[in-house]
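Residue-level structural notes
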Amino acid sequence: MKRFIFDTYEEVCSAASELYVKQLNEKPDTVFGFATGSTPVGLYNELVKKYESGEIDFSKARSFNLDEYYPMKKDHPQSYDYFMRDNLFNKINLSAFSLPSGEAPNAQAECKRYDAEIEAEGGIDLMLLGIGHNGHIGFNEPSVSYSMGTYLTKLTQSSIDANSRFFGPDEVQPTEALTMGIGGIVSSRKIILMITGDGKAAIAKKLFDGMIHADVPASFVLLHPDVTVFMDKAAAGNL
Ligand code: PGA
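All values derive from a computational prediction rather than experimental measurement.

1. Considering the side chain of Asp 232
Inspection of the secondary structure puts Asp 232 in strand β10 (residues 227-232). No salt bridge is formed by the buried Asp 232. Its closest oppositely charged neighbour is Lys 200, at 9.4 Å. When sequence neighbours within four positions are dropped, the list of residues in contact with Asp 232 reads Ile 5, Phe 6, Asp 7, Thr 8, Tyr 9, Val 12, Ile 195, Thr 196 and Gly 197.

2. Observations concerning helix α1 (residues 9-26)
Over its 18 residues, α1 extends 26 Å from the first C-alpha to the last, a length consistent with the 26 Å expected when each residue adds 1.5 Å. Taken as a whole, α1 has its buried residues at Val 12, Cys 13, Ala 15, Ala 16, Ser 17, Tyr 20, Val 21, Gln 23 and Leu 24. Against β1 (2-6), β2 (31-34), α2 (41-52), β6 (126-129), β9 (190-195) and β10 lie the buried residues of α1.

3. Some thoughts on the side chain of Asn 134
Note on placement: Asn 134 falls in the loop between β6 and β7 (151-154). With a relative accessible area of 14%, Asn 134 lands in the buried category. Within the local environment of Asn 134, its side chain forms a polar contact with the side chain of Thr 156, the two groups lying 3.2 Å apart. Those residues in contact with Asn 134 that sit more than four places away from it in its chain are Glu 141, Pro 142, Thr 156, Ser 158, Ser 159, Ile 203, Asp 215 and Pro 217.

4. Section: unusual backbone geometry
With an omega of -10°, the peptide bond between Tyr 70 and Pro 71 qualifies as cis. Structurally, Pro 71 can be placed in the loop between β4 (67-70) and α3 (80-89).

5. Here we look at the site of the ligand
Around the ligand, the neighbouring residues are Gly 37, Ser 38, Thr 39, Gly 130, Ile 131, Gly 132, His 136, Arg 165 and Lys 200. The side chain of His 136 places a nitrogen or oxygen atom 2.7 Å from an oxygen atom of the ligand. In this structure, Lys 200 approaches the ligand through a side-chain N or O atom, which is 2.6 Å from an oxygen atom. Protein contacts shield 83% of the accessible area of the ligand, which totals 280 Å² for the unbound molecule. Looking at the shell around the ligand, its residues break down into one nonpolar, six polar and two charged.

6. Digging into the packing of α2 against α3
The geometry of a pair of packed helices is captured by two quantities: the angle between their axes and the separation between those axes. Axis separation between α2 and α3 bottoms out at 9 Å; the angle between their running directions is 45°. Comparing their axes, α3 and α2 come out oblique. Taking contact as the criterion, the partners of Val 41, Tyr 44, Leu 47 and Val 48 in α2 are, on α3, Phe 83, Met 84, Asn 87 and Leu 88. In terms of residue class, the contact of α2 with α3 is built from seven nonpolar, one polar and no charged.

7. A look at empty space enclosed by the protein
If you walk through the whole model with that rule in mind, you get one cavity of 30 Å³ or more. Taken as a whole, the largest cavity spans an internal volume of roughly 30 Å³. Around the largest cavity, the lining residues are Glu 68, Met 72, Lys 73, Lys 74, Asp 81, Pro 100, Ser 101, Gly 102 and Glu 103.

8. What to know about the packing of aromatic side chains
This structure, assessed with the given rule, holds 15 aromatic pairs. An angle of 10° between the planes, with centres 6.1 Å apart, marks the rings of Tyr 80 and Phe 139 as stacked. In this pair, Tyr 80 sits in helix α3 while Phe 139 sits in the loop between β6 and β7, placing the two residues 59 residues apart along the sequence. Of the two residues examined, Tyr 80 and Phe 139, each falls in the buried class. Of note, Arg 3 hangs over the ring of Phe 208, and the distance from its end group to the ring centre comes to 4.5 Å.

Calculation criteria
- Residues numbered from 1 in each chain as written.
- Predicted model: local features only at pLDDT ≥ 70, side-chain atom pairs only at ≥ 80, totals over all residues.
- Heavy atoms only, no water.
- Helix = DSSP H or I, 4+ residues; strand = E, 2+ residues; numbered from the N terminus.
- Buried < 20%, exposed > 50% of the residue type's maximum accessible area, 1.4 Å probe, protein only.
- Lys, Arg positive; Asp, Glu negative; His and termini not counted.
- Salt bridge = Lys/Arg side-chain N within 4 Å of Asp/Glu carboxyl O.
- Contact = heavy atoms within 4.5 Å.
- Expected span 1.5 Å × (residues − 1).
- Polar contact = N/O pair within 3.5 Å; in protein donor to acceptor, adjacent residues only side chain to side chain.
- Near = heavy atom within 4 Å.
- Areas by Shrake-Rupley, 256 points an atom, 1.4 Å probe, with all protein chains shown as cover.
- Nonpolar A, V, L, I, M, F, W, Y, C, P; charged D, E, K, R; others polar.
- Axes fitted to C-alpha atoms, helices over the stretch in contact; angles between N-to-C directions.
- Parallel < 35°, antiparallel > 145°, perpendicular 65-115°, else oblique.
- 1 Å grid on protein atoms, 1.4 Å probe; cavity = no way out; pocket = protein on both sides within 12 Å on 5 of 7 lines; lining within 4 Å.
- Points joined across faces, edges and corners; volume = space filled by probe spheres on them.
- Phe/Tyr/Trp six-rings, centres within 6.5 Å; stacked < 30°, edge-to-face > 60°.
- Lys NZ or Arg CZ within 6 Å of the ring centre and 35° of its normal.

Below, the structure is given as structure tokens:
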């Protein structure tokens, strides 16, 4: 594991974006794994800037996202599909992007289809992750066992509460999601984990205490041979 701690969130995003430049120079047809949440937004802004200035070209690259609420319409403003189009996909020239579909009538069949699609594209080269306050990655919530492939999972109250800020009082917030399993995530060739803000200081302390915890799903990612962790000082405050 490589770990970098920067003074500010902006510096984290700028440093992480340099890995995307390097990755695309080395492999223009990279298969990216992308994440939603507030953490990667600054990185996505950097990637858009780099694309607009001609520094990077995504035209041969494609992507898969970690998760999607279930059920969820693609065009719902709180869908992860919408989030990704709004923050990144509509602003760069990625050749294709996929998310698990929250509109699929059969969740199990959709999970199988999604895993097969990832496999057919040769797997994920560079996976981006944030971490939940409860240690989740994607929607792999704290548990004693983890799925290899994509699966339908129930969200914990902690995740529902953390995301309730995005839903209006009249909107029904989903309590389930389709998420890549821990097995799928750690099959990626390289992983970037971003941990930022003082709200993540407590979970960062637990994550880096030298143990693999079943109740901190992100700790399994630290076993990966090529993981780069980017933190700001606020999140690293308790280390
Ligand atoms: P956040 O979410 O970036 O909005 O804190 C991270 C996550 O839940 O993985």
